[in-house]
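Spelled out, the chains give:
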Amino acid sequence: MINKISEKSIVNEFVKLGKNVKIGNFCTIEGSKDKPIIIGNNVEIGNYCCIKPGVKLDDNVVLGNYVNLGSFVEIGKNSKIWHYCNIFGKEKEPAIIGDNIQIGSYSEIKYACKIGDNCRFQSHVFVAEYVTMEDYVFIGPGVSFAVDKHPTAEKALEGNWELGEILVKKYAVIGSEAIINPDVVIGRGSIIGTGTLVTKNTEDYGVYVGVPAKKVGMRSDEKYKKFFGIIR
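Criteria and thresholds
- Residues numbered from 1 in each chain as written.
- Predicted model: local features only at pLDDT ≥ 70, side-chain atom pairs only at ≥ 80, totals over all residues.
- Heavy atoms only, no water.
- Helix = DSSP H or I, 4+ residues; strand = E, 2+ residues; numbered from the N terminus.
- Rg over C-alpha atoms; globule rule 2.2 N^0.38 Å.
- Contact = heavy atoms within 4.5 Å.
- Areas by Shrake-Rupley, 256 points an atom, 1.4 Å probe, with all protein chains shown as cover.
- Phe/Tyr/Trp six-rings, centres within 6.5 Å; stacked < 30°, edge-to-face > 60°.
- Buried < 20%, exposed > 50% of the residue type's maximum accessible area, 1.4 Å probe, protein only.
- Patch = residues over 30% accessible without salt bridge, like charges linked within 9 Å, V, L, I, M, F, W, Y side chains within 5 Å.
- Salt bridge = Lys/Arg side-chain N within 4 Å of Asp/Glu carboxyl O.
- Disulfide = S-S within 2.5 Å.
- Pairing = 2+ DSSP bridges.

Take the overall build of the protein chain next. Summing up its helical and strand segments, the protein chain has two helices and 31 strands in all. Here the C-alpha atoms of the protein chain give a radius of gyration of 19 Å, agreeing with the 17 Å that 2.2 N^0.38 yields for 232 residues. With the principal axes as the frame, the protein chain shows a C-alpha extent of 55 × 45 × 25 Å. Looking at the protein chain alone, contacts between residues at least 24 apart form 12% of all its contacts between residues at least 6 apart. Working note: accessible area of the protein chain is about 11,500 Å², and carbon and sulfur atoms make up 51% of it.

In structure tokens, the structure reads:
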């Protein structure tokens, strides 16, 4: 149960390490006195990772190579964050990742997001601020959650943008390259087809495809039930 930390990595005095922690080459893990980094037992951190103050990693977390965790990110036990992912939080608006989560490579999650337990993200997923996902959500590759209602370069430069919120309820399935717009609720067990643009709330267990999204059936329909099952 001895920690294995590469001599080529920087781990400062404000990092609290559990047991059997493994840290690869060229990592920078630097907490601060008032914002320590807490790393649980049996955590594995790949090469070239950067972890900022206020991060908490629970037991059995795995980080791939080149993972960047900004300040105030919390990751639950048994979760895996794969290569080249970026996750950012703020002190009063942390990014909270639940237990038994997998986040695919090249994904990004912004501050004030909350991801429930047992979710699965494929690669290249973008999750903007103020997105909440409940448990057992599946997100296909290339999905984007957009919360800036009326974006312009000027608003971005001035920092006066207007952000909405998105809620994804339990057991939802969102197919690859779908786009979810601000102030939308994805219903419990909803199925969102590949490339769908969701601009309005979806019904629980509804099946949606198209641009913009159009309801084409229910999860209980035989042609969908045989692939996705029925969630109670």
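All right, on to the packing of aromatic side chains then. The tally for this structure, following the rule as stated, stands at six aromatic pairs. Ring centres of Tyr-66 and Tyr-84 lie 4.8 Å apart, and the angle between their planes is 5°; this geometry places the pair in the stacked category. Of this pair, Tyr-66 sits in the loop between strand 10 (62-63) and strand 11 (68-69) while Tyr-84 is found in the loop between strand 13 (80-81) and strand 14 (86-87), placing the two residues 18 residues apart along the sequence. Of the residues examined, Tyr-66 reaches a relative accessible area of 37% and is grouped as partly exposed. According to the relative accessible area criterion, Tyr-84 is partly exposed, its value standing at 36%. With 5.2 Å between their ring centres and 10° between their planes, Tyr-136 and Tyr-171 make a pair best called stacked. Taken as a pair, Tyr-136 in the loop between strand 21 (131-133) and strand 22 (138-139) and Tyr-171 in the loop between strand 24 (166-168) and strand 25 (173-174) lie far apart in primary sequence, 35 residues in all. For Tyr-136, a relative accessible area of 43% puts it in the partly exposed group. Overall, Tyr-171 belongs to the partly exposed group, its relative accessible area being 23%.

A cluster of nonpolar side chains, contributed by Phe-26, Tyr-48, Tyr-66, Tyr-84 and Tyr-106, occupies part of the molecular surface with about 520 Å² of accessible area. Examined against the element boundaries, Tyr-106 turns out to sit in the loop between strand 16 (102-103) and strand 17 (108-109).

Overall, the coordinates contain zero disulfides when judged by the stated rule. Cysteine Cys-50 shares no disulfide, and the gap to the nearest cysteine sulfur, in Cys-49, comes to 8.8 Å. For Cys-50, a relative accessible area of 24% translates into the label partly exposed. The closest cysteine sulfur to the non-disulfide-bonded Cys-113 is located on Cys-119, 12 Å from its own sulfur.

Here the focus is the pairing of strand 30 (residues 206-209). Relative to strand 30, strand 28 (residues 191-192) runs parallel, the two sharing two bridges. Bridge pairing in strand 30 links Ile-191 to Val-207. Where strand 30 lies against strand 31 (residues 214-218), four bridges are found, and the strand directions are antiparallel. Along strand 31, the bridge assignment pairs Gly-206 with Met-218. In sequence, strand 30 turns back onto strand 31 through a hairpin of four residues, with Gly-210 there showing a positive phi of about 105°.

Turning next to the pattern of salt bridges. One pass over the structure, following the stated rule, counts seven salt bridges. A salt bridge links Asp-183 to Lys-149; the shortest N-O distance between them is 2.8 Å. One end of the pair, Asp-183, is in the loop between strand 26 (179-180) and strand 27 (184-186); the other, Lys-149, is in the loop between strand 23 (144-145) and helix 1 (153-158), with 34 residues separating them in the sequence. Judged by relative accessible area, Lys-149 falls into the partly exposed class, the value being 32%. A salt bridge links Lys-215 to Glu-203; its shortest N-O distance comes to 2.8 Å. Here Glu-203 lies in the loop between strand 29 (197-198) and strand 30 and Lys-215 lies in strand 31, a separation of 12 residues in the sequence. Among the residues examined, Lys-215 registers a relative accessible area of 35% and is labelled partly exposed. Sharing partners across several salt bridges, the network here consists of Lys-149, Glu-162 and Asp-183.

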